[in-house]
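Fold and geometry: a report
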Amino acid sequence: MKKLALIIPCYNEEMVIAEAYRRTKAVLDTIQNPTEIIFINDGSRDKTRELLEEIAKKDAEVKVIHFSRNFGHQPAVTAGIHHCDADLAIILDADMQDPPELIPDILALQEQEEANVVYCVRKSRAGESRFKLLTAKMFYRTMNSMSEVDFPLDTGDFRLIDRKVMDEFDRLKEKGKYIRGLISWVGFKQVPFYYEREARIAGETKYPLSKMFSFASNALLYFSKRPLKLALGLGFVAVVVGIILAVWFTLGKIYGFSNAESGWTSIMFTIIFFGGVQLITVGVLGTYIGILFDEIKARPEYIVDEKRNFNE
Ligand code: UDP
Ligand code: MG
């Protein structure tokens, strides 16, 4: 019988922890496989830590990792995978947007297809703002057109991965992990599972606009060199425009059809346009250098404060 682990990152989730534990436990009780739940407390500042401690004390199948501070959603899931020794793992959100009641169906599909990954695709998303829906839609489509790997559309980190995938994942050294992308990138047999994403049961999103933006730009920068090529393309366009302008003004001067002396407008245009192109290009370059800087420092992705029920 394959052992199944659930990986659940939590950041300031005191409003949902108890209910999340109750619902997932109820589902796990109906499954024959041996199971465990790995909660990662991503440096919460509310009662999340105490609540998880209480649960871990009563239930030996609940493992808890406390981070030393808030490192972010992706590092939390990464820690869950690193600390998982089960044969299968399912990553889900603490807010129950990914209903644990689907776990038996996901397991059945994995077995039937002998899949290494079952990624859950959102047919619909309840309780999300129109802005989030639109930006998410744009994001997944842009990612696909920009990156060298093909990603399935409209999938989050809610997915089942098997030991093979976890072992490969453990070998990835990059610090800025875009997990859903990396799991696609790893390959093996990956099959979709369609579901309706529910609304958060309580509390509010831990992904404010600023985090959403850095998540999206990280994903793009780590998976695509296209922005660099776009910058290069922009440079070429600027050069061509410059040459055309130069020829036009020279001919104008010779044949007298352009009043180049009063050329304040054209000079200003040229300076601003080329200045802009240069800044954009340097900016794109700088962003990639920033990533190299972070990667080269090779700091750990997360720091563990305490662990519960890992009996090592
Ligand atoms: N999360 C986390 N660290 C963070 C932000 C979020 O561990 O810095 C967790 C959060 O507790 C939740 C999951 O990641 O279990 C997804 O976050 P959320 O539901 O707020 O995102 P949304 O569903 O609104 O995109
Ligand atoms: Mg959520």
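Everything discussed here concerns the structure shown above.
A brief report on the enclosed structure follows. Quick caveat: nothing in here was measured; it's all calculated off a predicted structure. (Residues numbered from 1 in each chain as written. Chains lettered and ligands numbered in written order. Predicted model: local features only at pLDDT ≥ 70, side-chain atom pairs only at ≥ 80, totals over all residues. Heavy atoms only, no water.)

Next up on the list: the sheet that holds strand β2 (residues 35-41). Pairing in this open sheet of eight strands is mixed, and the strands run β7-β5-β6-β4-β1-β2-β3-β8 from one edge to the other. Bordering the open sheet on either side are β7 (190-197) and β8 (304-308), each of which pairs with just one other strand. Strand-to-strand twist in this sheet, taken as the mean axis angle between neighbours without regard to direction, amounts to 20°. Bridge count for strand β5 (residues 117-125) against strand β6 (residues 155-162) is four bridges, and the pairing is antiparallel. By the bridge assignment for β6, Tyr-119 is matched with Arg-159. (Pairing = 2+ DSSP bridges. Helix = DSSP H or I, 4+ residues; strand = E, 2+ residues; numbered from the N terminus. Axes fitted to C-alpha atoms, helices over the stretch in contact; angles between N-to-C directions.)

Right, let's talk about the side chain of Thr-78 for a bit. Residue position: Thr-78 is located in helix α3 (residues 73-82). With a relative accessible area of 0%, Thr-78 lands in the buried category. There is a polar contact of 2.7 Å between the side chain of Thr-78 and the backbone oxygen of Gln-74. Residues contacting Thr-78, with those up to four places away along its chain left out, are Phe-169, Lys-177, Ile-179, Glu-301 and Tyr-302. (Buried < 20%, exposed > 50% of the residue type's maximum accessible area, 1.4 Å probe, protein only. Polar contact = N/O pair within 3.5 Å; in protein donor to acceptor, adjacent residues only side chain to side chain. Contact = heavy atoms within 4.5 Å.)

Moving on, we come to the coordination of the magnesium ion (ligand 2). By definition of the ideal shapes, a tetrahedral metal site with four donors has angles of 109.5 degrees and an octahedral site with six donors has angles of 90 or 180 degrees. Protein coordination at the magnesium ion (ligand 2) comes from Asp-95 (OD) and Gln-97 (OE1), with a distance range of 1.9 to 2.0 Å. Like Asp-95, the residue Gln-97 is buried in the burial classification. (Donors = N, O, S within 2.8 Å, 3.2 Å for Na, K, Ca; no water.)

A few words on helix α9 (residues 226-255). Taking 1.5 Å per residue, 30 residues should reach 44 Å; α9 reaches 43 Å between its end C-alpha atoms and fits that length. When we look at burial in α9, the residues that qualify are Pro-227, Ala-231, Ala-238 and Gly-252. Of the surrounding elements, those touching the buried residues of α9 are α5 (130-146) and α10 (264-297). Looking one or two places after α9, you find Gly-256, whose phi comes out positive at around 70°. (Expected span 1.5 Å × (residues − 1).)

Another point: the pattern of salt bridges. All chains considered together, the criterion is met by 26 salt bridges. Between Arg-23 and Glu-101 there is a salt bridge, with the nearest N and O atoms lying 3.0 Å from each other. Of this pair, Arg-23 sits in helix α1 (residues 17-29) while Glu-101 sits in the loop between β4 (88-91) and α4 (103-113), placing them 78 residues apart in sequence. Its relative accessible area of 13% is what places Arg-23 among the buried residues. Glu-101 sits in the partly exposed class, given a relative accessible area of 40%. Note that Arg-308 is salt-bridged to Glu-306, the shortest N-O span being 3.2 Å. Overall, the relative accessible area of 26% leaves Arg-308 in the partly exposed class. (Salt bridge = Lys/Arg side-chain N within 4 Å of Asp/Glu carboxyl O.)

Turning next to the pairing of β2. A large share of β2 lies buried, amounting to seven of its seven residues. Going residue by residue along β2, you find Thr-35, Ile-37, Phe-39 and Asn-41 tucked away on one face and Glu-36, Ile-38 and Ile-40 tucked away on the opposite face as well. Bridging between strand β1 (residues 4-10) and β2 involves seven bridges; their strand directions are parallel. Residue pairing across strands places Ile-8 opposite Phe-39, the latter belonging to β2. For the handedness criterion, the β-α-β arrangement of β1, α1 and β2 is classed as right-handed. Sheet topology places β2 next to strand β3 (residues 62-67); five bridges connect them, and they run parallel. Among the inter-strand pairings, Ile-38 is bridged to a residue of β3, identified as Lys-63. In the classification by handedness, the crossover that spans β2, the intervening helix α2 (residues 48-58) and the parallel β3 is right-handed. (Right-handed = clockwise from strand over helix to strand, strands pointing away.)

Now for the side chain of His-66. You can see His-66 is positioned in strand β3. Residue His-66 is classed as buried on the basis of its relative accessible area of 0%. In this structure the side chain of His-66 is engaged in a polar contact, spanning 2.9 Å, whose partner is the side chain of Asn-41. Residue contacts for His-66: discarding those within four places in its chain leaves Asn-41, Arg-49, Glu-53, Ile-303, Val-304, Asp-305 and Glu-306.

Scanning all chains against the criterion turns up eleven aromatic pairs. On the numbers, 6.3 Å between centres and 85° between planes, the contact of Phe-139 with Tyr-178 is edge-to-face. With a gap of 39 residues between them, Phe-139 in helix α5 and Tyr-178 in the loop between α6 (163-170) and α7 (179-186) connect regions that are remote in the sequence. Tyr-178 carries the same exposure label as Phe-139, and that label is buried. Measuring from centroid to centroid gives 5.9 Å for Tyr-207 and Phe-215, while their planes differ by 75°, and the two rings are edge-to-face. The partly exposed category is assigned to Tyr-207, whose relative accessible area is 21%. Through pairs of rings, three or more aromatic residues link up here, namely Phe-139, Tyr-140, Phe-151, Tyr-178, Tyr-207, Phe-215 and Phe-223. Directly above the ring of Phe-293 sits Lys-297, whose terminal nitrogen or CZ lies 4.2 Å from the centroid. Lys-307 extends its terminal NZ or CZ atom over the ring of Phe-310, reaching a point 5.8 Å from the ring centre. (Phe/Tyr/Trp six-rings, centres within 6.5 Å; stacked < 30°, edge-to-face > 60°. Lys NZ or Arg CZ within 6 Å of the ring centre and 35° of its normal.)

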